[in-house]
Amino acid sequence: MACCNRSFIAVAFVLPLLILGDLFTAEITQPDDSTSFLVLKKSPSTNNKYTITSPDHLNHYWVITSDENGFAGRDIYHFLMHLEWHLFLMVLLAALYYFVNSRKNNF
């Protein structure tokens, strides 16, 4: 039982961080330049990839890091942003399963 409690606590802290990361970060590229930027967005959205036409558009974001060949940790960032929605659905299904089974046992 202790293992399940630790797992629940880990998911309860990690999942909101992933959701916030998904809502408030993005990768920005330019069509004529290979530089990519990891940025903080000023307003939340589920879109994580933007293409801008001018470097002046970066004024709408806070740049965390950038590199000409892709920022450091780019693959990990994409993996976590992809994993986040799957983890959210698994937690939702587990909560629904727990709710249905607890109602069956009460009646």
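Scroll up to find the structure this text is about.
Attention in this report is confined to the structure presented alongside it. Keep in mind the model is a prediction, meaning the values are calculated, not measured.

Focus: the overall build of the protein chain
Thought 1: Scanning the protein chain from terminus to terminus reveals 2 helices and 4 strands.
Thought 2: Counting from the amino terminus, helix and strand elements in the protein chain follow one another as α-β-β-β-β-α.
Thought 3: For the protein chain, the proportion of its 107 residues judged to be buried stands at 24%.
Thought 4: Put simply, 50% of the contacts in the protein chain that link residues at least 6 apart link residues at least 24 apart.

Considering the environment of Phe37
Thought 1: With respect to the secondary-structure elements, Phe37 resides in strand S2 (residues 33–41).
Thought 2: Using a relative accessible area of 13% as the deciding quantity, one classes Phe37 as buried.
Thought 3: Sequence separation of Phe37 and Phe71 is 34 residues, and the distance between their C-alpha atoms is 6.6 Å.
Thought 4: For Phe37, the residues in contact, after removing those within four places along its chain, are Ala26, Glu27, Ile28, Leu58, Val63, Thr65, Ser66 and Phe71.

Here's the deal with the side chain of Glu27
Thought 1: In this structure, Glu27 sits in strand S1 (residues 25–30).
Thought 2: Judged by its relative accessible area of 2%, Glu27 is buried.
Thought 3: Side chain to side chain, Glu27 and Arg74 meet in a polar contact 2.8 Å long.

Considerations on the packing of aromatic side chains
Thought 1: This structure, assessed with the given rule, holds 2 aromatic pairs.
Thought 2: On the numbers, 6.0 Å between centres and 40 degrees between planes, the contact of Tyr50 with Tyr61 is tilted. With Tyr50 in strand S3 (residues 49–51) and Tyr61 in strand S4 (residues 61–67), this residue pair connects regions lying 11 residues apart in the sequence.
Thought 3: Geometrically, the ring pair formed by Phe71 and Tyr77 is edge-to-face, given 6.0 Å between the ring centres and 70 degrees between the ring planes. By the burial criterion, Phe71 is buried, and Tyr77 matches it.

What counts, and where the lines are drawn
- Residues numbered from 1 in each chain as written.
- Predicted model: local features only at pLDDT ≥ 70, side-chain atom pairs only at ≥ 80, totals over all residues.
- Heavy atoms only, no water.
- Helix = DSSP H or I, 4+ residues; strand = E, 2+ residues; numbered from the N terminus.
- Buried < 20%, exposed > 50% of the residue type's maximum accessible area, 1.4 Å probe, protein only.
- Contact = heavy atoms within 4.5 Å.
- Polar contact = N/O pair within 3.5 Å; in protein donor to acceptor, adjacent residues only side chain to side chain.
- Phe/Tyr/Trp six-rings, centres within 6.5 Å; stacked < 30°, edge-to-face > 60°.

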